[in-house]
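Listed below are the residues making up each chain.
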Amino acid sequence: MSSKQPSHSHDAVPAILFDLDGTLIDSVYQHVLAWREALERSGTRLSVWRIHRRIGMSGGLLINALLRETGHEITSADADRLQKWHAEAYAKLVSQVRPLPGAVELLSLLTKANVPYAIATSGVMESARPSLEALKIGGGVPVVTRDQVTPAKPDPDLFLAAAARLGVSIFDCVVVGDSVWDLLAARRARALGVGLASGGYGQDELESAGAYRTYEDPLDLLNHLDEVGVRIRSVE
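If you're wondering where the values come from, they're calculated on a predicted model, not measured in any experiment. (Residues numbered from 1 in each chain as written. Predicted model: local features only at pLDDT ≥ 70, side-chain atom pairs only at ≥ 80, totals over all residues. Heavy atoms only, no water.)

Caption draft 1: The arrangement of the overall build of the protein in detail. On a plain count of helices and strands, the protein comes out with ten helices and eight strands. Its C-alpha atoms give the protein a radius of gyration of 17 Å, near enough to 18 Å, the size a compact globule of 236 residues would have. Counting every position in the protein, which comprises 236 residues, the buried fraction comes to 51%. At a minimum sequence separation of 6, the contacts of the protein that also span at least 24 residues come to 64%. Per element, the accessible surface of the protein, about 11300 Å² overall, is 48% carbon and sulfur. (Helix = DSSP H or I, 4+ residues; strand = E, 2+ residues; numbered from the N terminus. Rg over C-alpha atoms; globule rule 2.2 N^0.38 Å. Buried < 20%, exposed > 50% of the residue type's maximum accessible area, 1.4 Å probe, protein only. Contact = heavy atoms within 4.5 Å. Areas by Shrake-Rupley, 256 points an atom, 1.4 Å probe, with all protein chains shown as cover.)

Laid out in structure tokens, this is it:
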């Protein structure tokens, strides 16, 4: 992917690049359980906490990282099979998934105030679509998934592509994510990173990974948008 970005503007309203799972959608633990089921189908048993620590990475990197802990070698065919099994297991749990507190209201406010934002997720569009519908995200909002960009997080390409889709410089963006992998990708993209604790990582971990500020969830961020440079006048 080209690294060329629109020029930076000192007067620009910050654009916001959101991760999806654990940031706007309460789905992290469903993904953890889906990965556990997929791994167990392959004969690999891992504690759920080990899986959770890798959520937010792209699927291929996650699989490699988890199986490295067990000493197993993996082929590309094995990785494809595990990702297919994960998708099947997650589909059985997706009815449990809900937007996080304040997520719908936050996106609605940004839309009304003409603050540009995009979604950049390490998931594939098939698994992301129900979440996008639950968040009431319109067709005009750029959504960048792992289907469209390689490599995914913790590489910066997803966020760079999202900024490009918005037509803004990455230097004028705030990246909001719930995992250390989001914030590492934000740092590598040279964007301002903001952490949310709603994915299970603690404030210390998120800030050590590069978060400028950490909030509990989207509702907490909604109440403190001015702290990350987003000033919204009263909107009808």
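Once the structure has been displayed, the description carries forward.
Caption draft 2: Broad picture of empty space enclosed by the protein. Tallied over the entire structure, the rule returns one cavity of 30 Å³ or more. Its volume calculated, the largest cavity comes out at about 30 Å³. Lining of the largest cavity is provided by L20, D21, H31, T121, G123, S127, A128 and S131. A per-element tally of the lining of the largest cavity places helix α6 (residues 125-134) first, with three residues. Class assignment for the residues of the lining of the largest cavity results in two nonpolar, five polar and one charged. (1 Å grid on protein atoms, 1.4 Å probe; cavity = no way out; pocket = protein on both sides within 12 Å on 5 of 7 lines; lining within 4 Å. Points joined across faces, edges and corners; volume = space filled by probe spheres on them. Nonpolar A, V, L, I, M, F, W, Y, C, P; charged D, E, K, R; others polar.)

Caption draft 3: Here's a closer look at the layout of surface pockets. Considered as a void within the structure, the largest pocket measures approximately 390 Å³ in volume. Counting residues per element, the ones that place at least two in the lining of the largest pocket are α1 (28-41), α3 (59-70), α4 (76-93) and α6. Counting residues per element, the lining of the largest pocket draws most heavily on α4, which supplies three residues. Each residue belonging to the lining of the largest pocket can be placed in one class, and the counts come to six nonpolar, eleven polar and six charged.

Caption draft 4: Region of interest: the pairing of strand β6 (residues 173-177). Counting buried positions along β6 yields five of five residues, so the element is predominantly enclosed. Because side chains alternate across β6, one face comprises the buried residues C173, V175 and G177, and the other comprises V174 and V176, equally buried. Pairing between β6 and strand β7 (residues 192-196): four bridges, direction parallel. Paired with V175 across the strands is G193, a residue of β7. In the classification by handedness, the crossover that spans β6, the intervening helix α8 (residues 180-189) and the parallel β7 is right-handed. (Pairing = 2+ DSSP bridges. Right-handed = clockwise from strand over helix to strand, strands pointing away.)

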